[in-house]
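What follows is the residue order along each chain.
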Amino acid sequence: MKENVLEIKNISVCFDGFYALTDVTANVKRNSIHFFLGPNGAGKTTLLDIICAKTKPTKGNVLYYPKEDKEMRLTGMKEYKIVQAGVGRKFQVPSVFVNLTVEENMILSLKGHKGIFDSIFRKPTKEEIDSIHEVLEKVGLLEDINTRAGALAHGKKQWLEIAMQIVQKLEIIMLDEPAAGMGKPETFRTGEILKQIKKDCTIIVIEHDMDFVKQIADKVTVLHEGKVLMEGDINTVLADKTVQSVYLGRGGES
Amino acid sequence: MVQLINTLFNGLSLSSIVLLTSLGLAITFGLMRVINMAHGEFVMIGAYTTYVVQNVFSGFLPESIQWIFYFAAIPIAFGITFLFGSILEKLVISRLYGREMDSLLATWGISLILQQAARSIFGTQGVNVTAPSFLQGGLKIGGCTFSYNRIFIIFLVLLCLIGMYFVIYRSGFGKKMRAVMQNRPMAQCMGIDSRKVDNITFAIGSGLAGIAGCSVALLGSIDSTIGQSYIVNSFMAVVLGGVGKLAGTVLGSGIIGFSSIFTENYTSSTIAKALVLLIVIIFLQKRPQGLFVIKSRSLDE
Amino acid sequence: MKKIKKQGSNICFLIIVILLALVPIMYQYELIEASSTVLFIGKCMAFAIVAIGLDLIWGYTGILSLGHGLYFALGGYAMAMYLKLQRTGGGITDFMHIGGLKELPLVWKPFLSLPVSIFLILFVPGILAGVIGYFIFKNRVKGVYFSIISQALTWAAYSIFIALSPYTNGNVGITDIQSVFGSIKGSMNFGNLQILFYSALILLILVYAGAKFLTGRKFGKLLIAIRDGENRTYFSGYQVSRYKTFIYVLSAILAGIAGAIFVNFNGSITPNQMTIAYSITMVIWVAVGGRGTIIGAVIGAFLINMCEYKLSSGGLVEVWQYLIGAIFCITIIFFKGGIIGIVRDHLFASGRRKKAERRELRQNS
């Protein structure tokens, strides 16, 4: 098994002549928590868009090495196939199915059985329901299991979406600002949950909250104006002068 | 050769009619994302207005200068449909922003009411507008005949286009309109009364339908279903042309108009309808991204 | 109380079924005077079936079709062609004769046999919807764009049916036919009418049960998921376009079945059933009854048509046109959930739910 689970190779994206990403290369190690940092407009979300095929790159490749399968080229694959192959994503704006209950949201997210026939005739097994309950317990949504997802508070929606990623048994989970709209204690708890699940999967995160980054990051890639500025562990990155000037210096905090 | 020129002229003529009926539609859809199913009925109102104006004028004008009625009818039709549009926006559309499909259905309800109103007032029999004398007949060049009223419609469309261009791109109101179109919350923060902009924009779109009504009144008899017969083509033109760009609507109308006429020449008008539909579907295969680009960071709006 | 809430729609449907089952009996004992009323209620069952199909795609999946009249009419024409050939004994029809045809055209030949005709009633709408759906949904054309295309499709088909008058009898349509079970006119044919009526009722029950089953499964939840967040559903690993095509085809087939039933009661089919106006009328039924609930579609179809029947036969056609326009408008603007929505919100909504909804509203605004 390869050490890298995801290799981003020379990705460039051009929107109407504007380069959102230029020649970005990065490797993500298996069972690690990998952060992409950078000021607004650095191209973080665009990079996730490319991995999950929401956006097509102008140039470059994304390679994915699943545990039990041979290498896959994610560029050019359909998004639902990428999800089925084990790469999923939580979006920046919480997008759960508002008119379904928490449990129904989770059932739709279960791994496998995405065909029409199965959707009609197959019922979730006991193990699957148990795993749903277990995950909901972890994120503290068990008592809301029959609530309509739309009626949840913002923070709970975020957790539900994270839970939906976990229950899919993905190999790579991408989280775009998972802590947005959460308070400090909730953010910390999210971090602890992520640390727990990383033994089964790899997690890619975009986040601005530095305490959160320090809490869980294994590796950090800093993007700036669509280019990779630096890569390394969080302390080296924070100590770097260029990084401080383009990003951290401006924010002032932490 | 003669036949080719005739075909081209007919294509141009049909395109201009489609364009005239779809201009207003494109504007309301571009700005407010509202598909106005009653747009065809605004065309109908415009046509009936022309008819009424003709009858009123024939009452007290001497025969020789009766053609003036038509020039009076155009602004009057614009004014009346403008007013109708403004009222419709206030009563119905403004309650349905963000619910595209629902606004489509609600305006269909309005269209039912307007059609019945036309039947109640004018009866089910079609009525006719006599084209002003100078529009009767046609220009003969070589073996080709270009009927004056069709030439007139082409000029009318050009006039409307130029007018729209100035309103949208050169006027203060147009600036506000585009601001609201591009970023509604931001425009509101800049102190633009977006409700008012919506209302006037919708009214202008409806007014254009009124002008279209004046021109289709020249082409045949007017009854309560006249709007319906023009509207499907207009919708297709808007879909083809994409949203929010005048040029797109012009192109879309052109494609619809010319392809209808060309296929009609070789086959029949019914096959032409099916073929145009096919063209639109094929077009959507090639360029669906022109129609629904996901711009925001949220997945589904 | 809780049980009523949960089973409310099924209980409601049961009541409707019982009432319907009583209709032929009431006619027999002359509680219903005109046989035309019985025929009309029969047609309403067909309308209810097409309404269920329309609700599955619009109320559940968010695909607004403005062209279901086309599928309804295709099913209707398929049925009518079979029935017409029964009348002519397999020979050519009067309008073919006028149209200059010497022998039965090839497209009419399959309709000599009942099983083949039944197959085609299902197959023709299904395959057309399949092709259209495949190409349109694959490229993620959605929302009002789809509506406009479905409308144009109906419009094109309508003009083709009119133009091919030697084959379809143009504007007049196929008339002067009896039902599958023979003539249903007059008291001596009451038995036939009874069989036809109950067969239609059984079909309605089957369609209702099938729709209930589908929407109760994960499949139904997925439809709602697609309606509320199509892209999100793709990113949950589902091939949404395939689901949409599937439900669209199913709904077209239901429309075809409904059209076939309609022809049996109506005794004719015209291209009128294929117009955009007629198609949108079907949407009105669903909207008024309550989109997103199967029972709502059934109630809407019966209610609107009953009102129309009462008012139109009372010489109030004009008033009806204004009324239906206004009802539709008001329902869409103020009562998104239709009749069912009103009942649910005002009779059954508990305080907690209301509070939650208010909070949601605040959050979203």
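Quick caveat: nothing in here was measured; it's all calculated off a predicted structure.

### Digging into the overall build of chain A
Scanning chain A from terminus to terminus reveals 10 helices and 10 strands. Computed over its C-alpha atoms, the radius of gyration of chain A comes to 18 Å, within 12% of the 18 Å expected for a compact globule of 254 residues. Its C-alpha atoms put chain A at 55 × 40 × 35 Å along the principal axes. Split into buried and exposed, the 254 residues of chain A put 46% on the buried side.

### Some points on the nonpolar core
The biggest cluster of nonpolar side chains holds 284 residues, and the ones touching the most others in it are C:Ile49, C:Ala51, C:Ile52 and C:Val298. Composition of this core by domain shows at least three residues from each of domain 1 (1–86 + 170–181 + 201–254) and domain 2 (93–169) of chain A. Excluding residues within four positions of it along the chain, C:Val298 makes contact with C:Phe13, C:Ile16, C:Ala48, C:Ala51, C:Ile52, C:Tyr208 and C:Gly289.

### What about the confidence of the model for chain B?
Residue and element names in this part refer to chain B. Scored by pLDDT, chain B comes out at a mean of 84, with 93% of its residues at no less than 70. At the low end of the mean pLDDT range in chain B sits helix α11 (residues 269–286), at 77; at the high end sits helix α3 (residues 68–91), at 92. Contacts of residues 289–299 to residues separated by more than four positions or lying in other chains number 18 contacts, the stretch itself having pLDDT below 50. Note on the complex model: pTM 0.90, ipTM 0.88.

### Section: the environment of B:Thr270
Of note, B:Thr270 is situated in helix α11. Taking the number of C-beta atoms within 10 Å as the measure of exposure, B:Thr270 has 18 and is therefore partly exposed. Considered as a pair, B:Thr270 and B:Tyr48 are 222 residues apart in the sequence and their alpha carbons are 28 Å apart. Setting aside residues no more than four positions away along its own chain, B:Thr270 makes contact with C:Ser159, C:Ile160 and C:Ala163.

### Some words on the interface of chain B and chain C
Taken together, the contacts link 36 residues of chain B with 38 residues of chain C. Looking at the side of chain B that touches chain C, the elements that each hand over two or more residues are α4 (100–122), α9 (226–241) and α11 of chain B. Considering each element in turn, the side of chain B that touches chain C owes the most residues, 13 residues, to α4(B). Broken down by class, the residue content of the side of chain B that touches chain C amounts to 25 nonpolar, 6 polar and 5 charged.

### A short note on the sheet that holds strand β6 (residues 87–90) of chain A
All names here are of chain A. Strand order in the open sheet made by the 6 strands is β6-β7-β8-β3-β9-β10, with mixed pairing throughout. The open sheet has two edge strands with one neighbour each: β6 and β10 (227–232). Looking at each pair of strands side by side, their axes are set apart by 20 degrees on average, direction ignored. Sheet topology places strand β3 (residues 33–37) next to strand β8 (residues 202–206); 4 bridges connect them, and they run parallel. Each bridged residue has a counterpart across the sheet, and for His-34 the counterpart in β8 is Ile-204. Its contacts with the sheet place helix α1 (residues 44–51) against β3, β6, β7 (172–176), β8 and β9 (219–224), and it is angled at close to 150 degrees to β7.

### Brief notes about the domain arrangement of chain A
Size of an interface, as often reported, equals the accessible area lost when the parts are brought together. All names here are of chain A. Domain annotation of chain A identifies domain 1 (1–86 + 170–181 + 201–254) and domain 2 (93–169). For domain 1 and domain 2, the distance between their C-alpha centroids amounts to 26 Å. Every contact between the two is made by 6 residues of domain 1 and, on the other side, 8 residues of domain 2. Class assignment of the residues belonging to the side of domain 1 that touches domain 2 gives a composition of 4 nonpolar, 2 polar and no charged.

### Describing the packing of helix α2 (residues 35–60) of chain C against helix α12 (residues 276–289) of chain C
All names here are of chain C. At a minimum axis separation of 9 Å, α2 and α12 run at an interaxial angle of 80 degrees. It follows from the interaxial angle that α2 and α12 lie roughly perpendicular. Of α12, the residues touching α2 (which contributes Phe-47, Val-50, Ala-51, Leu-54, Asp-55, Trp-58 and Gly-59) are Met-282, Val-283, Trp-285 and Val-286. Residues that form the contact of α2 with α12 fall into these classes: 9 nonpolar, 1 polar and 1 charged.

Criteria and thresholds
Residues numbered from 1 in each chain as written. Chains lettered and ligands numbered in written order. Predicted model: local features only at pLDDT ≥ 70, side-chain atom pairs only at ≥ 80, totals over all residues. Helix = DSSP H or I, 4+ residues; strand = E, 2+ residues; numbered from the N terminus. Rg over C-alpha atoms; globule rule 2.2 N^0.38 Å. Buried ≥ 20, exposed ≤ 12 C-beta atoms within 10 Å, placed from the backbone. Core = buried A, V, L, I, M, F, W, Y, C linked by C-beta atoms within 7 Å. Domains from an automatic or database assignment. Contact = placed C-beta atoms within 7 Å. pLDDT = per-residue confidence, 0-100. Nonpolar A, V, L, I, M, F, W, Y, C, P; charged D, E, K, R; others polar. Pairing = 2+ DSSP bridges. Axes fitted to C-alpha atoms, helices over the stretch in contact; angles between N-to-C directions. Parallel < 35°, antiparallel > 145°, perpendicular 65-115°, else oblique.

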